[in-house]
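# Survey of secondary and tertiary structure
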Amino acid sequence: MLDLPNDLLVGWDIVVIDDEEDSLLVAQVILLEYGANVYTASNGQEGLEVIREVRPKFAISDLSMPILDGWGLISELKHDPEIQDIPVIALTAHAMVGDRERAVQFGFHNYLTKPLTVETFIQDLVKLLVDIPVLANELNI
Amino acid sequence: MMKHLGVFFPQNTLNNLLNKLLEPSASIPKEQALSYRLLAGIILLLIVLSFVIGIVISFISFGLNTQTFVSIASFFMLVSAYLVLASGRYLFPAVLIIGIVATSPMFTVIVDVEQYLNSSALGLSTLAVLLTAILFPNRRSILLSSAWVGILLLSLLVFLPITITDLVTPLAVLVAAIGFTLVFDSHRNALEQLRRQELVAINESLQVEIEERKRIEESQARLVAIVETTSDLVGSASLDGHPSYINRAGRQMIGLDLDADISDMMITDISPAWANEIIGQIGVPIAMSRGTWTGETALLGRDGREIPVSQTIIAHRDANGNPTYLSTMMRDITAQKEANAQLAANAKRIRDIFDNLAIFALMLDPDGKVVEVNQPIYAITELKPNEVINSLFPNTPWFGHSSEMRDLASHLVQQASQGKLITVEMSAIVAHGLIIDVLVTVGPLLNDHGKVINLVASGVDITALKQAEQEQKRLIKDLQAAKRLADENSRLKSEFLSTMSHELRTPMNAIEGFTGIILKKMGGADFNAKTEEYLHRVHSNSRRLLQLINDFLDLSRVESGRLELAHQPFAPAHLAQRWRDEISVLAEKKNIAFEVAVDPDLPSTLYGDEEAISKVTINLLSNAIKFTEQGGITLKLEARETTWNIMVSDTGIGIPPHARDFIFEEFRQVDQSSKRKYGGTGLGLAIVQKYARSMGGNVSVKSELGQGSTFTVTLPLHIAE
């Protein structure tokens, strides 16, 4: 298990989009614990607005949401040149095997599996972030 | 010769005379020949008489002188000539006698030259005639030579010193001789002719008779040969029943020697009593009255066996029409009878088959008229033969309920009579007004030349079949409905489970997340030691609950067929690394060894569902760690020809043999105590098996109690997309 410093994400703007308030809050608390500036949205529509406003380092989005789901979000994002380079990590439900591959095909950078636990969330996230050269350099590891 | 004579005589007169004299025998009727004979006799008698008178007168007037002697000699000479001519025999002695007689005057009257000349002229002339008659037995030459002698004599009269009176006698003798010869000759010819004719006639009639007899004999021989060689019995018998003749075949049939005497037999001996009764009471009386009778009777064969025969009796009659005897012919008809019996048996057999078929069968003529109907049709329709035989197929009572069926029947007949075989479903009305469904086939029966001689219609009662079919259709419909309902239920169930799990999971995620945050004292959380202990319990239980929900969701997903498997490339070595990272933490915690071995032959890239494979492997590895207290666990990836294996071995407690059969079932652990002791939901191995199978593979286990277990997951080796 990696021993990650608490200032890992200091100064990073991160947008988390999830319609489940509790789930959103857990992610928010954990990310805050590592120093990130966390912005939240409860559906894809809202999420896009926040992303356009904040221009975060990356975003984490649930797939199943009202109004505009994760698929709609990534689709619009990829068609918007202003924001299309911002990596978005999908949050997939447990064992939704088909969703994961589809998520990558649709333009998500990668995916994280729910539930988000204190032990695994941040570690799994870091493993994904090191794959993104621009971000990897900025991580305070 | 005629022509020369014609100089001296008128032609016709001479011809007539010659014809009369010379050719009377050519075609003399019997009566005329007789009258010639009579005439010849009278002439002969007159000549002889004139000679006798002449001699007597000479003798009286001249005494016994030379002249008288010459006359007497001439007479004997004539008689001799007659005898010679008449007999045609003793030619040489006759010539000798005539010669002596002719020359005798030379010795007797030698003294008198005149007498000598007289006598010798007479003798020579007579000799000439006779010689001519003998050497050339032809009446014409006699006549001519005689004429010549006459001329000679006349010349003697002229040149010699003799008087006419001297020549009277010799001339008379000469003329008489000529006439006599001619008459006699014609007489003889006529007789000969007559005799010859009679002989020819007799001969002819004899010949005819002989030929007739020969013919009759030949034809009789032929008839006998036929009768003797025929294979039928031929015999004849007197009216009182005594056989007079039985031919060879007949004797052989009844066992009688060919040369046996049959005179003591009675004709009734050769037939059995019943046959004799027919013969005696019917056969013979009819033959007597009508001439012949033919009927079937029997013979008693040589072995006592009755031989069936076709018998003909013929009554023979005499010229007055009275029956004289009987004859009979008997032909062995055993073979015919047997053939008839065989034919009858065959016909019955065919009829039996026809009647005992489990189908309806009928025979139609090419126009569709019913010829034969089998028993099953009569049985089901309760119709009588006269109600259907000779009816046209479409007009039969069983199509009485529907004009559509009648039209269809007409169509069938029409098609079949053109040589086609056609099968249709029809309905027919049978006894008690029942309507049945029949599968009807009508086809042609062809002769050797391919001409349609009959039509055969057969039918199978498919009423029950049709009902069964309807029933089946209904059942299938019901089943389909039930299946739809079941599918729907299953879908609803899966959906429910899915939704339930999701709904359960959401709060569990929150509980899990927040207890984790609190325990990590994130976000300003704080608590004392007791609180921490309780929170740990909440946290671990929430995890168990979450695991249970997740496992349950996995299972329900596999069972409902909603598990979508990816077919993506992955690197087995990377996967093994990932599993090592994940599990080694747990192994370290329990202080047991964990070894990973990857077969170098395993391709670096495989295709499949990485996550599903991981789920299976992690499950097995977690189990292995759970049940192992000391020693270690091993993970091996091995390549096979068309598969690859994931083997997880441990040195744990092992699985008792009885439990190996059910450990892959849901909620089954080796026993309840192990559940309490080792925890877990009892779904792990069931998930492993179901996942392995849905990937086209399987899982097996080898275990020794107390020694450890080895689980082997076999998966198909997909090395390309």
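## Topic: the overall build of chain B
A count of helices and strands for chain B gives 20 helices and 17 strands. By element, 60% of the accessible surface of chain B is carried by carbon and sulfur atoms, the whole surface being about 41,600 Å².

## Let's talk about the overall build of chain A
Summing up its helical and strand segments, chain A has six helices and five strands in all. Helices and strands appear in chain A in the N-to-C order β-α-β-α-β-α-β-α-β-α-α. Burial statistics for chain A: of 141 residues in total, 56% are counted as buried. Here the contacts in chain A between residues at least 6 apart in sequence split such that 64% fall between residues at least 24 apart. Working note: accessible area of chain A is about 6,100 Å², and carbon and sulfur atoms make up 48% of it.

## Quick word on the confidence of the model for chain B
Mean pLDDT over chain B works out to 77, with 71% of the residues at or above the 70 mark. Contacts of residues 99-113 of chain B to residues separated by more than four positions or lying in other chains number 13 contacts, the stretch itself having pLDDT below 50.

## A closer look at helix α17 (residues 572-590) of chain B
All names here are of chain B. Across its 19 residues, α17 extends 26 Å between first and last C-alpha, which sits within 8% of the 27 Å expected from 1.5 Å per residue. Looking at the buried positions of α17, the neighbouring elements they touch are β11 (568-570), β12 (593-598), β13 (606-608), α18 (610-626), β14 (632-639) and β15 (643-650). N591 sits one or two positions beyond α17 and adopts a positive phi of about 60°.

## Topic: the packing of helix α2 (residues 44-54) of chain A against helix α3 (residues 70-78) of chain A
Residue and element names in this part refer to chain A. At a minimum axis separation of 9 Å, α2 and α3 run at an interaxial angle of 35°. Crossing angle aside, the handedness with which α2 passes α3 is right-handed. Within the contact between the two elements, α2 uses G44, G47, L48, I51 and R52 and α3 uses L73, E76 and L77. Of the residues contributing to the contact of α2 with α3, the split by class is four nonpolar, two polar and two charged.

## A look at the side chain of Q689 of chain B
Residue and element names in this part refer to chain B. Here Q689 lies in helix α20 (residues 684-694). Under the relative-accessibility criterion, Q689 is labelled buried at 14%. Residues within four places of Q689 in sequence aside, it is in contact with F664, N698 and V699.

## What about the sheet that holds strand β9 (residues 435-446) of chain B?
All names here are of chain B. Read across the open sheet, the five strands follow the order β7-β6-β10-β9-β8; overall the sheet is antiparallel. The outermost strands of the open sheet, each flanked by one partner alone, are β7 (370-373) and β8 (422-429). Looking at each pair of strands side by side, their axes are set apart by 30° on average, direction ignored. When β8 meets β9, the two strands line up antiparallel, connected through eight bridges. In the sheet register, T423 faces β9, and the bridge partner there is T441.

## A few points about the nonpolar core
Core analysis: the biggest nonpolar cluster contains 48 residues, and W579, I613, L635, W644, I646, F711 and V713 of chain B have the highest contact counts within it. With eight residues, α18 of chain B is the single largest residue contributor to this core. Each of domain 4 (462-563) and domain 5 (564-716) of chain B gives at least three residues to this core. Grouped together as the second largest cluster of nonpolar side chains are 33 residues, L24, V26, I30 and L129 of chain A included.

## Thoughts on the interface of chain A and chain B
At the interface, 24 residues of chain A touch 27 residues of chain B. Note on chain A versus chain B: buried area summed over both sides is about 2,100 Å², and carbon and sulfur give 64% of it. Summed over the shared surface of chain A and chain B, the number is zero salt bridges. Between the two partners, chain A and chain B, sit zero residue pairs in polar contact (both at pLDDT 80 or more). The element that contributes the greatest number of residues to the side of chain A that touches chain B is helix α1 (residues 21-33) of chain A, accounting for six residues. When its residues are assigned to classes, the side of chain A that touches chain B shows 13 nonpolar, four polar and seven charged.

## Concerning the side chain of N645 of chain B
All names here are of chain B. Mapped onto the fold, N645 is located in strand β15. N645 gets classed as buried once you look at its relative accessible area, which sits at 7%. Contacts of N645, omitting those with residues within four sequence positions, involve K636, L637, E638, R640, T712, V713 and T714.

## Overview of the pairing of β15 of chain B
Residues and elements named next belong to chain B. Counting buried positions over the eight residues of β15 gives six, a clear majority of the element. With seven bridges connecting them, β14 and β15 associate as antiparallel partners. Bridge assignment links E638 to a residue of β15, and that residue is N645. Linking β14 back to β15 in an antiparallel pair, the connection comprises three residues. Across seven bridges, the pairing between β15 and strand β17 (residues 708-716) is antiparallel. What sits directly across from W644, in β17, is L715.

## A few points about the sheet that holds β15 of chain B
Residue and element names in this part refer to chain B. Reading across the sheet, the five strands line up as β12-β14-β15-β17-β16 and stay open at both edges, with mixed pairing between neighbours. Both edges of this open sheet fall to β12 and β16 (698-704), since each of them pairs with a single strand only. For this sheet, the mean angle separating the axes of adjacent strands, direction not counted, is 10°. Docked against the sheet, α18 engages β12, β14, β15 and β17, running at close to 20° with respect to β15. Here α20 sits on the sheet and contacts β16 and β17; the angle it forms with β16, its principal contact strand, is near 140°.

## A look at the pattern of salt bridges
Residues and elements named next belong to chain B. Within the structure shown, the criterion is met by 22 salt bridges over all chains. With a closest N to O distance of 3.9 Å, R248 and E228 form a salt bridge. One end of the pair, R248, is in helix α9 (residues 248-254); the other, E228, is in helix α8 (residues 164-229), with 20 residues separating them in the sequence. On the basis of relative accessibility, which here comes to 39%, the residue R248 falls in the partly exposed class. With a closest N to O distance of 2.9 Å, E638 and R640 form a salt bridge. Among the residues examined, R640 registers a relative accessible area of 44% and is labelled partly exposed.

## Some remarks on helix α14 (residues 403-417) of chain B
All names here are of chain B. With 15 residues, α14 ought to run about 21 Å at 1.5 Å a step, and its terminal C-alpha atoms sit 21 Å apart, in line with that. Those residues of α14 that are buried are in contact with β6 (360-364), β8, β9 and β10 (452-461). In this structure S402 caps α14, since a side-chain oxygen of it lies 3.2 Å from the backbone nitrogen of E404. Just beyond α14, the residue with positive phi is G419, at close to 95°.

## Quick look at the packing of aromatic side chains
Two measures describe an aromatic ring pair: the distance that separates the ring centres and the angle between the ring planes. The full count for this structure, using the stated rule, is six aromatic pairs over all chains. Summarising the aromatic geometry, the rings of W12 of chain A and F58 of chain A are spaced 6.2 Å apart at their centres and angled 75° between planes, so their arrangement reads as edge-to-face. Linking W12 of chain A in the segment before β1 (13-17) with F58 of chain A in strand β3 (residues 58-62), this pair joins segments that are 46 residues apart in sequence. Relative to W644 of chain B, the ring of F570 of chain B has its centre 6.3 Å away and its plane inclined at 45°; by these criteria the two rings are tilted. One end of the pair, F570 of chain B, is in strand β11; the other, W644 of chain B, is in strand β15, with 74 residues separating them in the sequence. For the pair F570 of chain B and W644 of chain B, a shared accessibility class is recorded, and that class is buried. Within the aromatic cluster, the residues linked to one another by ring pairs are W71, F106 and F108 of chain A. The side chain of K57 of chain A reaches across the aromatic face of W12 of chain A, ending 5.7 Å from its centre. The aromatic ring of W71 of chain A is capped on one face by R102 of chain A, whose charged end is 4.5 Å from the ring centroid.

Cut-offs and rules
Residues numbered from 1 in each chain as written. Chains lettered and ligands numbered in written order. Predicted model: local features only at pLDDT ≥ 70, side-chain atom pairs only at ≥ 80, totals over all residues. Heavy atoms only, no water. Helix = DSSP H or I, 4+ residues; strand = E, 2+ residues; numbered from the N terminus. Areas by Shrake-Rupley, 256 points an atom, 1.4 Å probe, with all protein chains shown as cover. Buried < 20%, exposed > 50% of the residue type's maximum accessible area, 1.4 Å probe, protein only. Contact = heavy atoms within 4.5 Å. pLDDT = per-residue confidence, 0-100. Expected span 1.5 Å × (residues − 1). Axes fitted to C-alpha atoms, helices over the stretch in contact; angles between N-to-C directions. Left-handed = near helix turned anticlockwise from the far one by under 90°. Nonpolar A, V, L, I, M, F, W, Y, C, P; charged D, E, K, R; others polar. Pairing = 2+ DSSP bridges. Core = buried A, V, L, I, M, F, W, Y, C linked by side-chain atoms within 4.5 Å. Domains from an automatic or database assignment. Buried area = accessible area lost by both parts, 1.4 Å probe. Salt bridge = Lys/Arg side-chain N within 4 Å of Asp/Glu carboxyl O. Polar contact = N/O pair within 3.5 Å; in protein donor to acceptor, adjacent residues only side chain to side chain. Phe/Tyr/Trp six-rings, centres within 6.5 Å; stacked < 30°, edge-to-face > 60°. Lys NZ or Arg CZ within 6 Å of the ring centre and 35° of its normal.

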